[in-house]
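If you want the building blocks of each chain, they are given just below.
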Amino acid sequence: NYQIFVRLQNTLKTDCFDTNEFTVNVYATPTANLASDLEVCDDDEDGVVAFDFAETQTQILGGQDATNFNLTYHSSLNEAESNVNPLSLPYQNTAASETIFVRIENTANNSCFDTTAFQLTVFDSPIANAVAEFEVCDDLSDGDDANGQTEIMLTDFDSEVIGTQDPALFDVSYHESLAEAQTNTNPLSSPYYNSSPFNYQIFVRLQNNLKTDCFDTTEFAVNVYATPTANLASDLEVCDDDEDGVVAFDFAETQTQILGGQDATNFNLTYHSSLNEAE
């Protein structure tokens, strides 16, 4: 602020004059620094998120003193420049993607202002649905149907993880640990051959394919069961001592032959009158 003094004199007689004064006030015009676009995950899937724009305000102010300037947020550039219809804070978005216009003005003189804008985008956060425990019989794909290791198609579980959500919006990946699922590292290929025999966990990451920070995880157990080998048993030939044509059998020796060296506690044997009934 400074004073200006004025002299008004007669052009023919300079001794005939008068004086006055006025004040000149110079106000700083703020700079609306560029703010980063806001991209957030909608955790409750209602499409609406509340924003206080605190981080955005810090970016727009830069090193300017917040006590000297006022920021307002608007739905259009015209409203920001006209200083009308400021948005109430916290602000709740009305669309998945919006442009927010910001007016920064000198609190002592609101005609000294600047404007900027940033994009506000709300992404759907998925829900990774629970997957039922999966049980599979070992096979000979690796040459051993009793080692508890076999391939499974992980992609077969995609629909169960996604559920009723739009599969076009989300990507599914499978991992050996929760930490890897959370950090989206070391995704497993499908088909997957387990290194831990018989029982293991698979951790699933379901993420928004446009915003990978929007994700959820789940897990499920896989149990691989050894497939027994029905070894060949000797035919039984016995004498009917009472000549009634009927003999009682306990098949004890037969059971030993069929099991071979397999652990009897892991397998159950039943006997049937036809192959169809046995199968």
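Figured I'd write up the structure that's included with this text. (Residues numbered from 1 in each chain as written. Predicted model: local features only at pLDDT ≥ 70, side-chain atom pairs only at ≥ 80, totals over all residues. Heavy atoms only, no water.)

What follows covers the overall build of the protein chain. A tally of regular secondary structure across the protein chain gives 6 helices and 14 strands. The principal-axis extent of the C-alpha atoms belonging to the protein chain is close to 160 × 30 × 25 Å. Across the 279 residues that make up the protein chain, the buried fraction comes to 29%. If you take every contact in the protein chain between residues at least 6 apart in sequence, the share linking residues at least 24 apart comes to 61%. Placing the 5 positive and 49 negative side-chain charges of the protein chain at their respective mean positions leaves the two points 55 Å apart. (Helix = DSSP H or I, 4+ residues; strand = E, 2+ residues; numbered from the N terminus. Buried < 20%, exposed > 50% of the residue type's maximum accessible area, 1.4 Å probe, protein only. Contact = heavy atoms within 4.5 Å. Lys, Arg positive; Asp, Glu negative; His and termini not counted. Charge placed at Lys NZ, Arg CZ, Asp CG, Glu CD.)

This paragraph deals with the sheet that holds strand E14 (residues 215-225). Strand order in the open sheet made by the 4 strands is E9-E14-E13-E11, with mixed pairing throughout. Edge positions in the sheet fall to strand E9 (134-137) and strand E11 (170-175), since each has one partner strand and no second. On average, each strand axis in the sheet is tilted by 30 degrees relative to the strand beside it, whichever way the strands run. Relative to E14, strand E13 (residues 199-208) is paired through 9 bridges, and the arrangement is antiparallel. Bridging across to E14, Ile202 finds its partner in Phe220. (Pairing = 2+ DSSP bridges. Axes fitted to C-alpha atoms, helices over the stretch in contact; angles between N-to-C directions.)

The residue Asn93 is located in the loop between strand E6 (91-92) and strand E7 (97-106) in this model. Reaching out from Asn93, the side chain makes a polar contact with the backbone oxygen of Gly47 at a distance of 3.0 Å. A distance of 2.7 Å separates a polar side-chain atom of Asn93 from the backbone nitrogen of Val49. Leaving out residues up to four positions away in the same chain, Asn93 has contacts with Gly47, Val48, Val49, Phe51, Glu98, Leu120 and Val122. (Polar contact = N/O pair within 3.5 Å; in protein donor to acceptor, adjacent residues only side chain to side chain.)

Per the counting criterion, the structure on display carries 4 salt bridges. Close ionic contact of Lys13 with Asp15 constitutes a salt bridge, the shortest N to O distance being 3.7 Å. Given the relative accessible area of 56%, Asp15 is considered exposed. Between Asp213 and Lys211 there is a salt bridge; the shortest N-O distance is 3.8 Å. A residue is classified by how much of its surface remains accessible, and Lys211, at 15% relative accessible area, is buried. Look at the salt bridges and you will find they share partners, linking Glu39, Lys211 and Asp213 into a network. (Salt bridge = Lys/Arg side-chain N within 4 Å of Asp/Glu carboxyl O.)

Quick look at the pairing of strand E5 (residues 69-74) now. Along E5, 5 of the 6 residues are buried, which leaves the element largely enclosed by surrounding structure. Where E5 lies against E7, 6 bridges are found, and the strand directions are antiparallel. Bridging from a neighbouring strand, Thr72 pairs with Arg103 of E7.

This part takes up unusual backbone geometry. Between Leu89 and the following residue, Pro90, the backbone shows a cis peptide bond with an omega angle of 0 degrees. Residue position: Pro90 is located in the loop between helix H2 (77-82) and E6. The omega angle of the peptide bond from Ser190 to Pro191 is 10 degrees, so this bond is cis rather than trans. Relative to the elements of secondary structure, Pro191 occurs in the loop between helix H4 (178-183) and strand E12 (192-193). Not every positive phi belongs to a glycine, and Asn184 is a case in point at roughly 55 degrees. Along the chain, Asn184 falls in the loop between H4 and E12. A positive phi angle, close to 50 degrees, is found at Asn186, a residue other than glycine. Checked against the element boundaries, Asn186 lands in the loop between H4 and E12.

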